[in-house]
Amino acid sequence: MLSTALVALDATIIATASATIARDLGGFEQLPWLFSTYLLAQAVGTPLCGRLADVLGRKRMMLAGVALFFLGSVLCGAAWSMGALIAGRVLQGLGAGAVMPTSLTIAADIYTLEERAKTQGYLASVWAISSVVGPTLGGVFSEFVSWRWIFFVNVPLCAVAAWMLVRRYHESPREGAREPIDYAGAALLATGSTALLLGLLEGGSTWAWHSPASLAIFVAAVTLLAGFALRARRARYPIIDLSILRRRVIAVPSAAALMVGVIVLGLSTYIPIYAQGVLGVGPLVAGFTLAAMMVGWPLSATNAGHLYLRLGFRLTAVIGSALVLTGTALALLLGASTAVVAVAGVCFLVGVGMGLTAVPTLIAAQSAASFSERGAVTGTNMFARSLGSAVGVAVCGAIINSRTAVGADGVPEGPGLMSAMHVVFVVIAACAAVLVVLAALMPADRQQARERRAGSASTTPTRAA
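A brief structural summary. (Residues numbered from 1 in each chain as written. Predicted model: local features only at pLDDT ≥ 70, side-chain atom pairs only at ≥ 80, totals over all residues. Heavy atoms only, no water.)

1. A closer look at the packing of helix H4 (residues 58-77) against helix H8 (residues 154-168)
Direction vectors running N to C along H4 and H8 enclose 165°, while the axes themselves pass 9 Å from each other. Our classification of the angle between H4 and H8 gives roughly antiparallel. The way H4 lies across H8 gives a crossing that is left-handed. Residues Lys59, Met62, Leu63, Val66, Phe69, Phe70, Ser73 and Val74 of H4 pack against Asn154, Val155, Cys158, Ala162, Leu165 and Val166 of H8. For the contact of H4 with H8, the residue count by class is eleven nonpolar, two polar and one charged. (Axes fitted to C-alpha atoms, helices over the stretch in contact; angles between N-to-C directions. Helix = DSSP H or I, 4+ residues; strand = E, 2+ residues; numbered from the N terminus. Parallel < 35°, antiparallel > 145°, perpendicular 65-115°, else oblique. Left-handed = near helix turned anticlockwise from the far one by under 90°. Contact = heavy atoms within 4.5 Å. Nonpolar A, V, L, I, M, F, W, Y, C, P; charged D, E, K, R; others polar.)

Encoded structure:
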């Protein structure tokens, strides 16, 4: 949770201080790269580090991720130019790419199936708290102290997290020879993923979708990823064994994670814009509407275990995705005079549904994987969510840009904003409908749930070592 807090805080804390940073360091036109490079590095690092956690060990990857985050934070805090700050953000993103999949993999390793949902809920609660605390801290530091403390505050957190890992987390020695690392496959996956995500994140803003630059970067992405797929089929020890996706219990949650990324990123990006640009409320109230989703998610995730132990993973995911679909369908009714409380209620309902969908599907995939491939499965699932986030930004951004004008503060405005938001909500609701279908495609496990419940009732529960 301490390590996750590093990632969660840095995902939100910098937003309110970006204008102050640009005034201090200059290079306002480079400001979007503070966010893009972090997201890119995290997304690309996630599947690679998930697999490396299987090969090198969870503890090593967690400590490596915390160390990278520490170095990135120090470089960001001491940045003398926008270029140095962006370089520090890359290091932070790589650290986040190691911490996130490995922390979830460790939770799957050391907790029983009954305990795992509650543990995932604890990790999700870190994101909920950070979504509220992060922007507040960012504003306080930039206005009353210095924006540099946004990054320096990570230093003691890194130190405490590393100390706790060294002292308290004991990993069993790996038996047998260590598998060799497929460096060629890793390079192809990293460069191909970077090109794909860069094209999605920057297309329509830095360059036009139909421009030569956009076409070239997508062609490069397809070529590199095709090369990675061929390499993965031929290598004896691929960096990611694509054959794991032939198992429905792993492939379907990964596809569901893609939809989760589109829905969450679409709502978290454009609900505040709708609240401010259409309803006319301030940033604080707009943040409240979104915080409702971040509160609903860990609340339901913490209690998801009771459902999937009784009903099975598939039925729990169907219930959760149906709640997401209901919430996104209600978003279609939002208008220019809707009460802010109603918007928060929609977001809360989506958050509750996400907690019953994202967590059980991930746990189902982890449970179907052996110890030696659990990190790769977790990393693949999280990469799919990152890819979905990039797709959500690209699609929803293209819709907004085609129907509105951008104001001096960089926020969409104008009479077409409400109609553009309606189209965005239609896209998000369509993705929620796909999510329901994917949840229904999960392997049936109602009988297994009954057997697990009967077994746990007849034996004394024991905690994982």
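2. Some thoughts on H8
The terminal C-alpha atoms of H8 lie 21 Å apart, and with 15 residues this matches the ideal 21 Å at 1.5 Å per residue to within 8%. For H8, every residue scored as buried is listed here: Asn154, Cys158, Ala161 and Leu165. One side of H8 holds all its buried residues, which, seen down the axis, span an arc of 70°. (Expected span 1.5 Å × (residues − 1). Buried < 20%, exposed > 50% of the residue type's maximum accessible area, 1.4 Å probe, protein only. Arc of directions from axis to C-beta.)

3. Regarding the packing of aromatic side chains
Summed over the entire model, instances satisfying the criterion amount to four aromatic pairs. Pairing Trp147 with Phe151 gives two aromatic rings, centres 6.3 Å apart and planes at 85°, and the pair type is edge-to-face. Here Trp147 matches Phe151 in class, with each residue buried. Ring geometry for Tyr308 against Phe313: centres 4.8 Å apart, planes inclined by 35°, an arrangement best described as tilted. Arg58 extends its terminal NZ or CZ atom over the ring of Phe371, reaching a point 4.1 Å from the ring centre. Sitting above the plane of the Tyr38 ring, Arg89 keeps its charged end 4.3 Å from the centroid. (Phe/Tyr/Trp six-rings, centres within 6.5 Å; stacked < 30°, edge-to-face > 60°. Lys NZ or Arg CZ within 6 Å of the ring centre and 35° of its normal.)

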